[in-house]
There are 2 protein chains.
Amino acid sequence: MEVYESLRLSNQLCFPLYLCSKEIIGRYTPFLKPLDLTYTQYIVMMYLWEQQHSNISDMGKALLLDTNTLTPLLQKLEAKGYIERQKSPNDGREMIIALTERGYALRTEATKIPELMRTCINLTPEEAEILYKLLYKVLLNLEGGKHDNH
Amino acid sequence: MEVYESLRLSNQLCFPLYLCSKEIIGRYTPFLKPLDLTYTQYIVMMYLWEQQHSNISDMGKALLLDTNTLTPLLQKLEAKGYIERQKSPNDGREMIIALTERGYALRTEATKIPELMRTCINLTPEEAEILYKLLYKVLLNLEGGKHDNH
DNA sequence: TAAATATATATCGCATGCGATACATTTTTA
DNA sequence: TAAAAATGTATCGCATGCGATATATATTTA
């Protein structure tokens with residue numbers, strides 16, 4: 001039975017990571033409902049609030065999402081009136097994503113959300129800092145070793 | 001602009017958590033393909049390798065998944081011949097999930113996966129320990145405060 | 001410059017993940 | 001014990017997330 005010790009759920013790092021991500025996203029749902037946003041849509045809006053505008057591939061690089069996720073999601077945000085999508089005049093392949101007035105205004109309604117989430121997560125600033133750094137370290141390691149099998 | 005500082009992606013803890021979970025699951029895909037398992041199916045199999053058998057609600061409590069996810073997933077695992085599903089003789093509502101020979105045997109093929117993933121994640125044992133504990137702390141905090149708005 | 005490549009986005013199919021609802025069976029209550 | 005409530009599972013609809021492929025446009029190459 002010792003042989004299988006490494007396969008115990010309680011010995012996996014991926015499992016609490018998977019649960020944490022899932023549960024935290026779940027805790028956002030009630031906060032985001034008044035803004036008519038899902039969690040992924042919220043991430044996209046945060047990106048746009050910082051960048052003002054972007055094409056899909058730059059957005060995808062920043063959020064680690066591909067067009068097969070972003071294109072339909074952006075079409076939904078356009079339908080809600082939060083963003084505009086138009087072909088770039090410089091490059092007919094590019095799609096320029098820009099905030100509308102309404103999408104920009106949403107930012108004000110969103111300002112309370114980060115503090116609400118900090119209360120849910122309930123770590124000390126020091127703990128949060130350590131967790132943050134370890135997560136980015138893992139991300140870096142994962143990206144670094146991504147193409148080992150080539 | 002200071003007002004919106006808290007809304008920057010680089011100031012969110014949820015974002016690297018979300019990315020880490022997503023990217024790590026992505027890294028499992030090639031390891032799990034030979035076993036014909038997705039990540040969530042792998043989690044379910046790990047649970048069953050430990051428990052031998054279970055009903056759906058106990059499994060759901062352990063994995064934080066509801067029947068709307070588990071029922072179709074378990075039907076797929078049954079179709080692959082890894083598990084059996086049958087009504088409990090004691091309680092006609094309960095569905096007993098048990099490993100088949102083939103499902104149990106899969107455990108041997110899976111033993112190398114945890115070490116492969118540790119290599120991808122590439123943290124020191126100390127870092128992994130800290131990350132593990134912080135994640136479970138967050139999970140506890142999230143579950144604890146779950147019913148605040150009642 | 002015509003053909004081959006590369007780039008940017010879109011679409012398709014499948015597997016979650018979850019809110020909401022429906023159904024069957026058991027347990028509790030009046 | 002008949003009705004009500006609780007429990008366990010299943011189904012539906014929608015939003016990701018991603019592998020694979022298709023399409024349109026730009027760039028490079030022969």
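One structure accompanies this document, and this report is about it. (Residues numbered from 1 in each chain as written. Chains lettered and ligands numbered in written order. Predicted model: local features only at pLDDT ≥ 70, side-chain atom pairs only at ≥ 80, totals over all residues. Heavy atoms only, no water.)

1. Description of the overall build of chain A
The condition that has to hold: Labels follow the DSSP assignment, with helices taken as runs of H or I lasting at least four residues and strands as runs of E lasting at least two, numbered in each case from the N terminus. Radius of gyration: C-alpha atoms only; globule rule: 2.2 Å multiplied by the number of residues to the exponent 0.38. Only the protein chains shown count as cover for residues, and all accessible areas are computed by the Shrake-Rupley method using a 1.4 Å probe. When charges are tallied, Lys and Arg are placed among the positive residues and Asp and Glu among the negative ones, while His and the ends of the chain are skipped. Charge placement uses NZ in Lys and CZ in Arg. For Asp and Glu, CG and CD serve respectively.
Along chain A, the regular secondary structure elements total seven helices and three strands. Reading the secondary structure of chain A in the N-to-C direction produces α-α-β-α-α-β-β-α-α-α. Against the 2.2 N^0.38 benchmark of 15 Å for 150 residues, chain A shows a C-alpha radius of gyration of 19 Å, more extended than a compact globule. Of the roughly 8000 Å² of accessible surface on chain A, 54% is carried by carbon and sulfur atoms. Averaging the coordinates of the 17 positive side-chain charges in chain A and doing the same for the 19 negative ones gives two points 4 Å apart.

2. Some points on the sheet that holds strand E2 (residues 83-87) of chain B
Residues and elements named next belong to chain B. To be explicit about the condition: When DSSP finds two or more bridges between two strands, those strands count as paired. Axis definition: a line fitted to C-alpha atoms, over the contacting stretch in the case of helices. Angles run 0 to 180 degrees between N-to-C directions.
Strand order across the open sheet formed by three strands is E1-E3-E2, with antiparallel pairing between neighbours. Of all the strands in the sheet, the pair left with one neighbour each is strand E1 (53-55) and E2. Across the sheet, the axes of successive neighbouring strands diverge by a mean angle of 25°, strand direction being ignored. Relative to strand E3 (residues 95-99), E1 runs antiparallel, the two being bridged by three bridges. Bridge assignment links serine 54 to a residue of E3, and that residue is isoleucine 97.

3. Quick notes on helix H5 (residues 101-110) of chain B
Residue and element names in this part refer to chain B. Test applied: Burial here depends on accessible area, computed with a 1.4 Å probe over protein chains only, as a share of the maximum for the residue type. Under 20% is buried, over 50% is exposed, and the range in between is partly exposed. Here, the arc refers to the directions that run from the helix axis to the C-beta atoms. Residues are treated as being in contact if the distance between any of their heavy atoms lies within 4.5 Å.
Buried within H5 are the following residues: Gly103, Leu106, Arg107 and Ala110. Taken around the axis of H5, the buried residues stretch over an arc of 115°, which confines them to a single face. Exposed and facing more than 90 degrees away from the buried side of H5 are Glu101 and Arg102. In this structure, the buried residues of H5 make contact with helix H2 (39-51), E3 and helix H6 (113-121).

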